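# A structural walkthrough
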Amino acid sequence: MELYQFPWESAACCGEPLPENLPLADQMAYMGLRNIYWAFHAGRLTVSMAHFEKNKLRKEYEAMKAKLAFDDKLTAHHVATIKAVEAAQCRYRKERTLEAADALSVALDGRMMNNGNL
């Protein structure tokens, strides 16, 4: 079984300082990995313990990255919904028609219209 390799793992293995401009999840994983390598080289961890901790770190890192990606997607959807509601409100204020009211209802429900159809 081949072990997972982080993109900056060789730098962490050598105890190099934290690289610039890493996202928070990567910073945390880098420091955790650097600590695992330090403890291994200091004789505080066996190979199997180091593998176990690295795998645990990788799992949490991937879960955090997935959560952050989901949060970004959710934020983008929320912003799009707010923009759609604002546009529909402005349209309804200017033209009080059934079509404008329907468009406002659709925007408030969080549904997006494609070419006037739901």
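A brief report on the enclosed structure follows.

## Thoughts on the overall build of the protein
- If you tally the helices and strands in the protein, you get 4 helices and 0 strands.
- Going residue by residue from the N terminus, the α and β elements of the protein occur as α-α-α-α.
- Whereas a compact globule of 118 residues would reach a radius of gyration of roughly 13 Å, the protein reaches 25 Å, over 25% beyond that.
- For the protein, the spread of C-alpha atoms along the three principal axes comes to 75 × 30 × 20 Å.
- A buried classification covers 22% of the 118 residues belonging to the protein.
- In the protein, once contacts between residues fewer than 6 apart in sequence are set aside, the share between residues at least 24 apart is 42%.
- Roughly 8,700 Å² of accessible area belongs to the protein as shown, and the carbon and sulfur atoms make up 58% of that amount.

## Concerning the packing of aromatic side chains
- For the structure on display, the rule yields 5 aromatic pairs.
- Arranged with centres 5.2 Å apart and planes meeting at 75°, the rings of F6 and Y61 form a pair that is edge-to-face. Of this pair, F6 sits in the segment before helix 1 (9–13) while Y61 sits in helix 3 (residues 47–94); the two residues are 55 residues apart in sequence, bridging distant segments of the chain. Each member of the pair F6 and Y61 is classed as buried.
- Taking the centre distance of 6.3 Å and the plane angle of 85° together, the rings of W8 and Y61 count as edge-to-face. Remark: Y61 occurs in helix 3 and W8 occurs in the segment before helix 1; sequence separation between them is 53 residues.

## Remarks on the nonpolar core
- Ranked by size, the top nonpolar core spans 15 residues in total, and within it F6, W8, Y30, L33 and Y61 carry the most contacts.
- For this core, the secondary structure elements donating two or more residues are helix 1, helix 2 (24–41) and helix 3.
- No other element matches helix 2, which puts 6 residues into this core.
- Other than its neighbours up to four places away in sequence, F6 contacts A29, L33, K54, L57, R58 and Y61.

About the criteria used
- Residues numbered from 1 in each chain as written.
- Predicted model: local features only at pLDDT ≥ 70, side-chain atom pairs only at ≥ 80, totals over all residues.
- Heavy atoms only, no water.
- Helix = DSSP H or I, 4+ residues; strand = E, 2+ residues; numbered from the N terminus.
- Rg over C-alpha atoms; globule rule 2.2 N^0.38 Å.
- Buried < 20%, exposed > 50% of the residue type's maximum accessible area, 1.4 Å probe, protein only.
- Contact = heavy atoms within 4.5 Å.
- Areas by Shrake-Rupley, 256 points an atom, 1.4 Å probe, with all protein chains shown as cover.
- Phe/Tyr/Trp six-rings, centres within 6.5 Å; stacked < 30°, edge-to-face > 60°.
- Core = buried A, V, L, I, M, F, W, Y, C linked by side-chain atoms within 4.5 Å.

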